Amino acid sequence: MSSPNTPLDLTLDGGALTARLVDFPSVSGDEQALADAVEAALREYPHLTVDRYGNNVVARTNLGRAERVLLAGHLDTVPIADNLPSHVEGDLLYGCGTSDMKSGVAVQLRLAATLPEPNRDLTFVFYDCEEIEASRNGLGHLAAQRPDWLAADFAVLLEPSGAVVEGGCQGTLRVQVRLTGVRAHAARSWLGDNAIHHAAEVLGRLAAYEARLVEIDGLEYHEGLNAVRIDGGVAGNVIPDECVVTVNFRYAPDRDEAAAEAHVREVFAGFDVTVTDSAPGALPGLGQPAARAFLAATGGTARAKFGWTDVARFSALGVPAVNYGPGDPNLAHKREEHCSLRAIAEVEERLAAWLSA
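Just so it is clear, the model here is predicted, and its values are computed rather than measured. (Residues numbered from 1 in each chain as written. Predicted model: local features only at pLDDT ≥ 70, side-chain atom pairs only at ≥ 80, totals over all residues. Heavy atoms only, no water.)

To continue, consider the UniProt feature "domain: Peptidase M20 dimerisation" (unreviewed entry) in the protein. UniProt records the feature "domain: Peptidase M20 dimerisation" (unreviewed entry) for residues 171-268 in the present numbering. Along residues 171-268 the backbone is 26% helical and 42% strand, and the end-to-end C-alpha distance reaches 19 Å. (UniProt positions renumbered as here; feature names shortened; annotations may be inferred. Helix = DSSP H or I, 4+ residues; strand = E, 2+ residues; numbered from the N terminus.)

Following this line, the structure appears as structure tokens:
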């Protein structure tokens, strides 16, 4: 088994292991050393089968259980902001990645090391490049190149959720609504047609828009359709001939991408609409037997996830997934990022009890 002489000692408690992970810098694109350490530590446990693809490490039990649960977490962090090495103040561990999400990774590693005979077969996924463009996301690479490694009945993404279950995630769609006019000198504006003025109807439709509240598996998702940017204007003495309003639609996971796009095009019927970004949401799947048992083991309460996370990738593979981790999502990426040591222990204890009962 791993020892204090190995780069990662999985016999440390969750807080101490989190500190060790935090002091192992792994900014997006520079995860190889940490992936090497994670792989080496996991290979010391004979109850695990360990595979690697790039800087993505996957460890599995193969006990022939009736269900398989997957626990996933990313190894990378945002750029360091003079917040290393880690340090402890009372119950709080400070440092880059403490909340997002090396505390969750520490819980994964502790469970992998301490549960040789779980009541469900387990898959542990540690992946790279979550904090940067989606094309580099390691979980996405595994889904495309090694989908069999991600096969499971239920998945838990240990992203920061404040030790509360957050079910599924919203989908997100971004579009540009383009308005056109006729350019002219501002002193002779009647010779032109002001494209910016045409944006008034677009903004009026947004102001009048009534967002849906959607209940799925007992969780309420609040949709939102909002202008997030306006671009237009040529010069201080020119009537503009183009204006672009960028709109973001955050939608409940009962819609797929096609339905979300169709809805936005309906709202802006008569306008030139171009989709610039799209990512599907994820259903919470709390009706699944494994999910019900998980929810009961973690306190019996859940809330909808507002925002997009990698649970959507599991949903696309047909695997119900939730977010559940010890970190505080409100502290992610902050210079003063920190995590409660008590929360790390609590999440590990709850997950271990669920997987051992």
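Having seen the model, we can carry on.
Turning our attention to the pattern of salt bridges. For the structure on display, the rule yields 24 salt bridges. Measuring nitrogen to oxygen at the nearest pair gives 3.0 Å for the salt bridge that ties Arg 120 to Glu 67. Taken together, the positions of Arg 120 in the loop between helix H3 (98-114) and strand S6 (121-127) and Glu 67 in the loop between strand S2 (56-60) and strand S3 (68-74) put the pair 53 residues apart, joining distant regions of the chain. Overall, the relative accessible area of 11% leaves Arg 120 in the buried class. The exposure class assigned to Glu 67 is partly exposed, which follows from its relative accessible area of 22%. Residues Asp 82 and Arg 335 are paired through a salt bridge, measuring 3.5 Å at the closest nitrogen-oxygen approach. Here Asp 82 is found in the loop between S3 and strand S4 (87-89), whereas its partner Arg 335 is found in the loop between strand S18 (321-323) and strand S19 (338-340), with 253 residues between them in sequence. Judged by its relative accessible area of 54%, Arg 335 is exposed. (Salt bridge = Lys/Arg side-chain N within 4 Å of Asp/Glu carboxyl O. Buried < 20%, exposed > 50% of the residue type's maximum accessible area, 1.4 Å probe, protein only.)

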